[in-house]
Amino acid sequence: MPIMRNIAIKHKLILIIMLTCISALLLAGTAFIVWEWSSLRQAIVQNLSTQAAMIADNCKAALAFKDIEDAKGTLKALHVEPSIVFGGVYTGSGEYFAGYYRDRIDSSVRPSELKKAGYCFEGGFLTVYKPIILDEETIGTVCLRSDLRPMSVMLKRNAGIIIAVVLIVSLIAYLVSLRLQRIISGPILSLAKITKAVSEEKDYSTRAIKHSNDEVGLLIDAFNEMLEQIQQRDMELVDAKGKLEVRVEERTAELTTTNKQLTQEITVRKEAEKQLRKAEEKYRMQFEGALDAIFVGDAVTGVLIDCNPAATKMIGWEKSELIGKHQRILHPPEKIEKGFSKTFKLHSNNEQGQTLETQVITKSGEIKDVAIKASLIEIGGKKVLQGVFRDITENKKAEQRQAQLLEQLGKANKELKDFAYVVSHDLKAPLRGINTLVNWILTDYADKFDQEGKEHMALLSRRAERMHNLIDGILQYSRVGRVQEEKVQVNLNELVRDVVDMVAAPENITITVGNELPTIECEETRIAQLFQNLLSNAVKYMDKPQGKVEIGCVEENGSWIFNVADNGPGIEEKHFDRIFQMFQTLSPRDEFESTGVGLALVKKIVELYGGKIWVESKVGEGSTFLFKLSKQRMAVKNSKPKTDAVTRR
Amino acid sequence: MRTKAYNLIVLALVMVTGIISPKARANSATSEEYQVKAAFLYNFIKFIDWPREKIADSNYTITIGIIGKDPFGNAFNPIENKHVKGKDVIIKRFKGLKELEESKEKNKSVPHQQIEEIRKCYLLFICHSEKQKLKEILNMFKDHHVLTVGDTEGFLEAGNIIEFVMVERKVRFEINMAAAKRAKLKIRSQLLRLAEKIIEEK
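Residue positions are given per chain, counted from 1 along the sequence in the order it is written. To read the labels, note that chains go from A and ligands from 1, taken in the order they are written. Only residues with pLDDT of 70 or above have their local features reported here, since the model is predicted, and side-chain atom pairs are shown and tallied only from 80 upward, although totals for entire chains, interfaces and linings are computed over all residues.

### Things to note about the overall build of chain A
Condition: In this description a helix means any DSSP run of H or I spanning at least four residues, a strand means any run of E spanning at least two, and both kinds are numbered starting from the N terminus. Field definition: a residue is buried when 20 or more other C-beta atoms are found within 10 Å of its C-beta, exposed when 12 or fewer are, and partly exposed for counts in between, with C-beta atoms placed from the backbone. Contact criterion: two residues are in contact if their C-beta atoms, reconstructed from the backbone, are within 7 Å.
Scanning chain A for helices and strands turns up 14 helices and 19 strands. With 649 residues in all, chain A has 24% of them scored as buried. Considering only residue pairs separated by 6 or more positions, chain A has 60% of its internal contacts joining residues 24 or more positions apart.

Structure, rendered in structure tokens:
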């Protein structure tokens, strides 16, 4: 039923009910009509047969005694039955005996058509034949003919009634089914609606409402149960999905991290490889391009494995000749011990990394002095000794020459120093004589000189004095470094106090010590000279009415930084270096009677102790001389500081 | 139409022949008339019930007796060997009393054997020749339940039961019910209905 497939269940139900109803009605109606038709026929046959039998019985005598009138009279009784159109009595030999006609004579039965007994429907008539039996002997036949039209009219009428009934009942059935189908289709439709809603909106929380306890109810129950399960599954699924997502995210993150790490690692490794390659190349380049000869030999067997061009150049052998040979061929026999060179043995044992001197012998037999620095390395799991050979033949020669030169230089220097001392010393004596003479002349001829003479004499005396000072300075300068003094503990506080006293500054200049000065181990005289020169310079060049000189010391990075600050004229920056040079003065010599030796001497002393001296100054505001001495160098040992006063020499 | 016309013609012919040839029928009139009468006789048996003792007497046969000068000739031929009420029909002819008187003048009385025979008959047709002896004959089988049939005039008045009469040239009959009752015969209504005249009991 393909049509049935596509129509709504409601219509299906109605259709089913209607079809069932109508077919049942039609069947029943048809059966009824057929039954009625057949029973009507039977009845009519029966009726007519009875009539015929009665006629036959009544006509017996008439026929037996050939009384036509009587027979006719009997037949006349048929007129009460309107459907009977003809009745006839025939003799035993089939001859017409008597008859009855309702309307038409042509409805009669001809003797030729006569049958002994039975009936037949023919031409719209029912014809019944009945034998007339008298005492077991057939003496004739009665024939009755009935018009069937009333019957068919009746049948038609009944059929019409049935059709009408069918139509009315169908209508009622339709109306009833229209209402009753809801009992079945209602729940199913609502279920279908819910199913559709569920499938479209994916809302598994909706539930179908149960209306009845029949199969549809069971279906709804099952559906609801199913929905519940689905909902549960859905929730589980969502949950699982969430978990999965989280896990996937986590994994992805992990993976990303790992990947990143891996990438980094790869990059690092690549970089490392690159570096390694570069290093190798570099090594190879260094190896090949090294100025020093490099030999590589098996640390165990001593067989040579590699060498660089410098090596072949040094030894005179070709590389191909060297590879595979024992390392001992490189050295002269006196440097060989137990089959190996002495240095090889030493290097491959505990002297690894040390520079050892020995000799090599070239192909041509030339002996060369070399310094070898060898290190044990591993190449391809094999321990090898790589030795760097430096030809020190020339160095040795140069060293010898230098030593000779130094010796000569020392001699010359000593001679010069002695000379300077002697000269200075010897110069002092006549100078002292000149000064004495000047004093004498001034004393003796005081009245003889005029003012100009007296001034010239004073000038002479001052110049002699300056000369004296100069010579003293040179002497002192030359003594520094030349003459070694005993190093003693010196308390600088005391030393400086003494020096200040000695400088004897004028009234308008105050010299102060800013803070506690340390006790150091040194040559006392030198340090005294140092401070004296600095202080006397400050006093000497002071141009302010209230002069101030301050001595201080600070500790910094394991050193002492001493400073001597004044508020004098200051020094231009361009002169900062010049002032420490010998015989350099910034002002005319005559103005301050300066020798230009003081600061040079100071610098020399400081440098003698490994220190450093420098100046900070601003013109017109003052200068600060600073010097730094290493604490370590000047460290006080556990001995009592010497408190003796510095004496001028 | 043809059938109707044909029927009419046949009917007309039958009627014409019946009317226009009475003389022609005269020769065979006796036989034809008596053939009908013979058939009637035979049929009477079917419409009349005899009392039980009569039936018990004659086990297997029904005897039709004819007494006197037989006018039937061979009219009984179609009837002979027929069965009525399950019994064979036998025709027996008896000499009439007049005949007997004439032939047996010396022996005036009717033979005993014949009387017995007559008494056994179910039906006795008394011929025209026995017109004078009706009383005598009737006395012979008094109380023996014999249906007496005749065509003699005044037959019923003589105490007989059925008398043939000719009505419009057709054989009809009259019935004497009183006589029938006397003979203890039951005549069926069908037969009575056909009777031209019925004489009731006085």
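Next comes the rest of the write-up.
### What about the overall build of chain B?
For chain B, the helix and strand inventory stands at 8 helices and 10 strands. Considering chain B as a whole, with its 202 residues, one finds that 33% of them fall into the buried category. Contacts spanning at least 24 positions in sequence make up 64% of the contacts within chain B whose residues lie at least 6 apart.

### What to know about the environment of Ile 434 of chain A
Looking at where Ile 434 of chain A falls in the secondary structure, it is placed in helix 9 (residues 393-444). Between the alpha carbons of Ile 434 of chain A and Leu 460 of chain A there is a distance of 9.0 Å; along the sequence they are 26 residues apart.

### Remarks on the sheet that holds strand 10 (residues 355-361) of chain A
Residues and elements named next belong to chain A. Keep this limit in mind: In short, DSSP must find at least two bridges between two strands for them to pair. Every angle, taken between N-to-C directions, lies between 0 and 180 degrees, and every axis is a line fitted to C-alpha atoms, over only the stretch in contact when it is a helix.
Here we have 5 strands laid out as an open sheet, ordered 7-6-12-11-10, and antiparallel in their pairing. Each end of this open sheet is capped by a strand with a single partner; those strands are strand 7 (304-307) and strand 10. Recorded for the sheet is a direction-independent mean angle of 35° between the axes of neighbouring strands. Sheet topology note: the strand 6 (residues 293-298)/strand 7 ladder contains 3 bridges and is antiparallel. Within strand 7, the residue paired with Phe 295 across the bridge is Cys 307.

### Topic: helix 9 of chain A
Short version of the rule: Take the residue count of a helix, subtract one, and multiply by 1.5 Å to get its expected span.
The terminal C-alpha atoms of helix 9 of chain A, which comprises 52 residues, lie 75 Å apart, in line with the 76 Å expected from a rise of 1.5 Å per residue. For helix 9 of chain A, the tally of buried residues reaches only 0 of 52 residues, placing the bulk of the element at the surface.

### So, the pairing of strand 8 (residues 170-176) of chain B
Residue and element names in this part refer to chain B. When strand 7 (residues 162-167) meets strand 8, the two strands line up antiparallel, connected through 6 bridges. Bridge assignment links Val 165 to a residue of strand 8, and that residue is Arg 172. Where strand 7 folds back onto strand 8 in an antiparallel hairpin, the turn is made up of 2 residues, including Glu 168, whose phi is positive at roughly 45°. Pairing geometry for strand 8 and strand 10 (residues 197-199), over 3 bridges, is parallel.

### Remarks on the environment of Gly 570 of chain A
Residue and element names in this part refer to chain A. Within the element layout of this structure, Gly 570 appears in the loop between strand 17 (559-566) and helix 13 (589-592). Residue classification places Gly 570 among the partly exposed positions, given that 19 C-beta atoms sit within 10 Å. Remark: the alpha-carbon pair of Gly 570 and Thr 624, spanning 54 residues in sequence, is separated by 8.7 Å. In this view, Gly 570 contacts Ser 617, Lys 618, Val 619, Gly 620, Glu 621, Gly 622 and Ser 623; residues no more than four positions away in its chain are not counted.

### Details of the interface of chain B and chain A
On the side of chain A, 12 residues touch chain B, which itself brings 12 residues to the contact. For the side of chain B that touches chain A, the secondary structure elements donating two or more residues are helix 1 (2-20), helix 2 (22-47) and helix 8 (189-194) of chain B.

### Let's talk about the nonpolar core
Where we set the bar: The term nonpolar core refers to a group of buried residues, namely Ala, Val, Leu, Ile, Met, Phe, Trp, Tyr and Cys, whose C-beta atoms join them within 7 Å.
Core analysis: the biggest nonpolar cluster contains 81 residues, and Phe 44, Leu 123 and Leu 147 of chain B have the highest contact counts within it. In terms of residues, this core owes the most to one element, helix 2 (residues 9-64) of chain A, which gives 9 residues. In this structure Phe 44 of chain B touches Leu 123, Leu 147, Val 149 and Ile 162 of chain B, once residues within four positions along its chain are discounted. Judged by nonpolar contacts, the second largest core, of 41 residues, contains Val 499, Val 503, Val 606 and Phe 627 of chain A.

### Considering helix 11 (residues 492-503) of chain A
All names here are of chain A. The following threshold applies: It is the directions from the helix axis to the C-beta atoms whose arc is reported.
With 12 residues, helix 11 should cover 16 Å at 1.5 Å per step; its first-to-last C-alpha distance of 16 Å lies within 8% of that length. Buried residues of helix 11: Leu 492, Leu 495, Val 496, Val 499 and Val 503, and no others. Within helix 11, the buried residues cover an arc of 95° as seen down the axis, which keeps them to one side. Looking at the buried residues of helix 11, the elements they touch are strand 13 (488-491), strand 14 (509-513), strand 15 (519-522), helix 12 (524-540) and strand 16 (547-556). Of the residues trailing helix 11, Ala 504 is marked for its positive phi of about 50°.

### Here we look at the confidence of the model for chain A
Rule in force here: Confidence of the predictor in every single residue is expressed as pLDDT, which spans 0 to 100.
For chain A, per-residue confidence averages 83 on the pLDDT scale, and residues scoring 70 or more make up 95% of the total. Predicted confidence for residues 638-649 of chain A stays below pLDDT 50, and this span has 20 contacts to residues more than four positions away or in other chains.

### Details of the sheet that holds strand 8 of chain B
All names here are of chain B. Reading across from one edge, 3-4-2-5-6-7-8-10 is the order of the 8 strands in this open sheet, with mixed pairing throughout. Because the sheet does not close on itself, it has two edges, and the strands there are strand 3 (83-84) and strand 10. Where helix 5 (residues 112-120) meets the sheet, it contacts strand 2 (61-67), strand 4 (87-94) and strand 5 (123-126), and its direction lies at approximately 140° from that of strand 4.

### Some words on the environment of Met 542 of chain A
Residues and elements named next belong to chain A. Of note, Met 542 is situated in the loop between helix 12 and strand 16. On the neighbour-count criterion, Met 542 (21 C-beta atoms within 10 Å) is buried. Each C-alpha atom of the pair Met 542 and Gly 568 lies 4.7 Å from the other, and the pair is 26 residues apart in sequence. Those residues in contact with Met 542 that lie beyond four places of it in its chain are Ile 509, Gly 547, Asp 566 and Gly 568.

### A word on the packing of helix 11 of chain A against helix 12 of chain A
Residue and element names in this part refer to chain A. What counts is decided by this rule: The cut-offs work like this: below 35 degrees is roughly parallel, past 145 is roughly antiparallel, 65 to 115 is roughly perpendicular, and the gaps in between are oblique. Left-handed describes a crossing whose near helix is turned anticlockwise from the far helix by less than a right angle; the clockwise case is right-handed.
Relative to each other, helix 11 and helix 12 sit at 45°, their axes nearing to 9 Å. It follows from the interaxial angle that helix 11 and helix 12 lie oblique. Between helix 11 and helix 12 the crossing geometry is right-handed. Across the interface between the two elements, Leu 495, Val 496, Val 499, Val 500, Met 502 and Val 503 of helix 11 pack against Ile 527, Ala 528, Phe 531, Gln 532, Leu 535, Ser 536 and Val 539 of helix 12.

### Quick look at unusual backbone geometry
Residues and elements named next belong to chain A. Residues other than glycine seldom take positive phi values, yet Asp 135 does so here, at roughly 50°. With respect to the element layout, Asp 135 can be found in the loop between strand 4 (125-134) and strand 5 (137-147). Of the residues examined, Asp 135 has 17 C-beta atoms within 10 Å and is grouped as partly exposed. With phi around 65°, Glu 136 is a residue other than glycine that occupies positive phi space. Along the polypeptide, Glu 136 turns up in the loop between strand 4 and strand 5.

### What about the confidence of the model for chain B?
Per-residue confidence for chain B gives a mean pLDDT of 78; residues scoring 70 or more make up 79%. The complex model carries a pTM of 0.43, and its ipTM stands at 0.75.

### Considering the packing of helix 2 of chain A against helix 3 (residues 68-76) of chain A
Residues and elements named next belong to chain A. Using the following cut-off: Each residue gets one of three labels, nonpolar for Ala, Val, Leu, Ile, Met, Phe, Trp, Tyr, Cys and Pro, charged for Asp, Glu, Lys and Arg, and polar for the others, Gly among them.
Closest axis-to-axis distance for the helix 2/helix 3 pair is 8 Å, and the angle between their directions is 165°. With respect to their mutual orientation, helix 2 and helix 3 come out roughly antiparallel. You can see that helix 2 and helix 3 cross each other, and the crossing is right-handed. Here Ile 55, Asn 58, Cys 59, Ala 62 and Leu 63 of helix 2 come into contact with helix 3, specifically with Asp 70, Ala 71, Thr 74 and Leu 75. Partitioned by chemical class, the residues of the contact of helix 2 with helix 3 number 6 nonpolar, 2 polar and 1 charged.

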